[in-house]
Amino acid sequence: VPAFGEEFLFRGLILPELLPYGRTTAVLGSAILFGLMHQNLEQMLYATVAGIVLALVAMECGSIWGGVIIHLFNNLLSVVDEILISRLPYETEMIVYALMEVLVVGGGMLCLAILIIRRKHNPQRDPDAMVAGPAPPYGALRGFFSPLMIAFWVLCVGEMVLWTVINLV
């Protein structure tokens, strides 16, 4: 829920409203507001940098859904870090940290490769054309069954199951 809500607000509503003032202003403005929203100094810098990345992803994709997935994974890794890893022996903790880093860096490289390939196949796309979600001519509900949305719902259900298991343990 936080991943969707924050992406909808900051990349779906605020970012497009700031676009008339230029791409840089829109990206930095929405990112700074995103950082300030976290309301603690420790998270503010990290959230601002993450806000820049998420804004660029939203502008590149023309949708908030790529950022929602990235945001969801970031939140999931935070949960794993706070709850599971703190219960592990030190040696196992270091292995899990290393695996998480490989997953994050590998996932980022995969996303970068997909964006580069996408840009090569669709170079005429307007990067300032932001939409809050798919708006196909055949109905908005159909957009909820796109591959990205199905992945989003699977990840949400997975996160809920993980939280349930963790709270029962």
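Here, every reference points to the structure presented above.
Residues numbered from 1 in each chain as written. Predicted model: local features only at pLDDT ≥ 70, side-chain atom pairs only at ≥ 80, totals over all residues. Heavy atoms only, no water.

Moving on to the pattern of salt bridges. Applying the stated criterion across every chain yields a total of one salt bridge. With a shortest N-O distance of 2.7 Å, Glu7 and Arg11 are connected by a salt bridge. Of the two residues, Glu7 and Arg11 are both situated in helix α1 (residues 2-18); the distance of four residues between them amounts to about one turn of the helix. For the pair Glu7 and Arg11, one class covers both residues: buried. (Salt bridge = Lys/Arg side-chain N within 4 Å of Asp/Glu carboxyl O. Helix = DSSP H or I, 4+ residues; strand = E, 2+ residues; numbered from the N terminus. Buried < 20%, exposed > 50% of the residue type's maximum accessible area, 1.4 Å probe, protein only.)

So, on to the side chain of His71. When you line up the elements, His71 lands in helix α4 (residues 65-84). Aside from chain neighbours lying at most four places away, what touches His71 is Ala3, Glu6, Glu7, Arg11, Phe34 and Leu54. (Contact = heavy atoms within 4.5 Å.)

In this section: the packing of aromatic side chains. Applying the stated rule across the entire model yields three aromatic pairs. A ring pair is formed by Phe4 and Phe8, whose centres lie 5.9 Å apart and whose planes are at 20°; its orientation type is stacked. Of the two residues, Phe4 and Phe8 both sit in helix α1, four residues apart, roughly one turn of that helix. Among the aromatic residues, those joined into a ring-pair cluster are Phe4, Phe8 and Trp65. (Phe/Tyr/Trp six-rings, centres within 6.5 Å; stacked < 30°, edge-to-face > 60°.)

A few words on the layout of surface pockets. If you add up the space inside the largest pocket, you get close to 1,900 Å³. Taken together, 49 residues line the largest pocket, and the ones lying closest to its centre are Leu54, Ile70, His71, Phe73 and Asn74. Among the secondary structure elements, those contributing two or more residues to the lining of the largest pocket are α1, α3 (41-61), α4, α5 (90-121) and α6 (147-168). Per-element accounting of the lining of the largest pocket gives the leading share, 15 residues, to α5. A per-class count over the lining of the largest pocket returns 30 nonpolar, ten polar and nine charged. (1 Å grid on protein atoms, 1.4 Å probe; cavity = no way out; pocket = protein on both sides within 12 Å on 5 of 7 lines; lining within 4 Å. Points joined across faces, edges and corners; volume = space filled by probe spheres on them. Nonpolar A, V, L, I, M, F, W, Y, C, P; charged D, E, K, R; others polar.)

Here α1 crosses α4 at 135°, and the two axes come no closer than 8 Å. Judged on the interaxial angle alone, α4 and α1 are oblique. Like other packed secondary-structure pairs, α1 and α4 cross with a definite hand, here right-handed. Residues Pro2, Ala3, Phe4, Glu6, Glu7 and Arg11 of α1 pack against Trp65, Gly67, Val68, His71, Leu72 and Asn75 of α4. Grouping the constituent residues of the contact of α1 with α4 by class yields six nonpolar, three polar and three charged. (Axes fitted to C-alpha atoms, helices over the stretch in contact; angles between N-to-C directions. Parallel < 35°, antiparallel > 145°, perpendicular 65-115°, else oblique. Left-handed = near helix turned anticlockwise from the far one by under 90°.)

Spatial relationships are all this shows, so hold off on functional conclusions.
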